[in-house]
Amino acid sequence: MTRHSLARRLLWFAGLWLASVLVLTAVAFAIRLVIGTG
């Protein structure tokens, strides 16, 4: 495995992690709006 592929894999992992955090934040915000505590 080359250094480039490792860096690309880490970037993919970081991107997926960031996307999942943003999605969870949006879902939590939507739930709070629906419940009415937001």
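Refer to the structure above for everything that follows.
Per chain, residue numbering runs from 1 following the sequence as it is written. For a predicted model such as this one, the threshold for reporting local features is a pLDDT of at least 70, and the threshold for listing and counting side-chain atom pairs is 80 or more; totals across whole chains, interfaces and linings nevertheless cover every residue. By convention in this description, side-chain values take in all heavy atoms of the structure and omit both hydrogens and water.

**Overview of the overall build of the chain**
Definition in use: In this description a helix means any DSSP run of H or I spanning at least four residues, a strand means any run of E spanning at least two, and both kinds are numbered starting from the N terminus. Per-residue and other accessible areas were derived by the Shrake-Rupley procedure at a 1.4 Å probe size, with only the shown protein chains allowed to occlude residues.
Looking only at helices and strands, the chain has one helix and zero strands in total. Across its three principal directions, the C-alpha atoms of the chain cover 50 × 10 × 5 Å. By element, 76% of the accessible surface of the chain is carried by carbon and sulfur atoms, the whole surface being about 3,700 Å².

**Side note on helix α1 (residues 3-35)**
Rules: Expected span of a helix: the number of residues minus one, times 1.5 Å.
Under the 1.5 Å per step criterion, the end-to-end length of α1 is 48 Å for 33 residues, consistent within 8% with the ideal 48 Å. G36 sits one or two residues past α1 and shows a positive phi near 105°.

**Notes on a nonpolar patch on the surface**
This is how it is decided: Patch membership requires over 30% relative accessible area and the absence of a salt bridge. Like charges are linked within 9 Å, and nonpolar side chains (Val, Leu, Ile, Met, Phe, Trp, Tyr) within 5 Å. Note on definitions: salt bridges are taken to be side-chain nitrogens of Lys or Arg within 4 Å of carboxyl oxygens of Asp or Glu.
Nonpolar side chains collect at one region of the surface, where F13, W17, L18, V21 and L22 lie side by side and expose about 550 Å² of accessible area between them. Relative to the helices and strands, W17 is located in helix α1.

**So, the environment of I31**
Filter applied, for reference: Buried means the residue's accessible area, taken with a 1.4 Å probe over protein chains only, is under 20% of the maximum for its type, while exposed means over 50%, and partly exposed covers the values in between.
Structurally, I31 can be placed in helix α1. For I31, a relative accessible area of 45% translates into the label partly exposed. Between the C-alpha atom of I31 and that of W17, which follows or precedes it by 14 residues, the distance is 21 Å.

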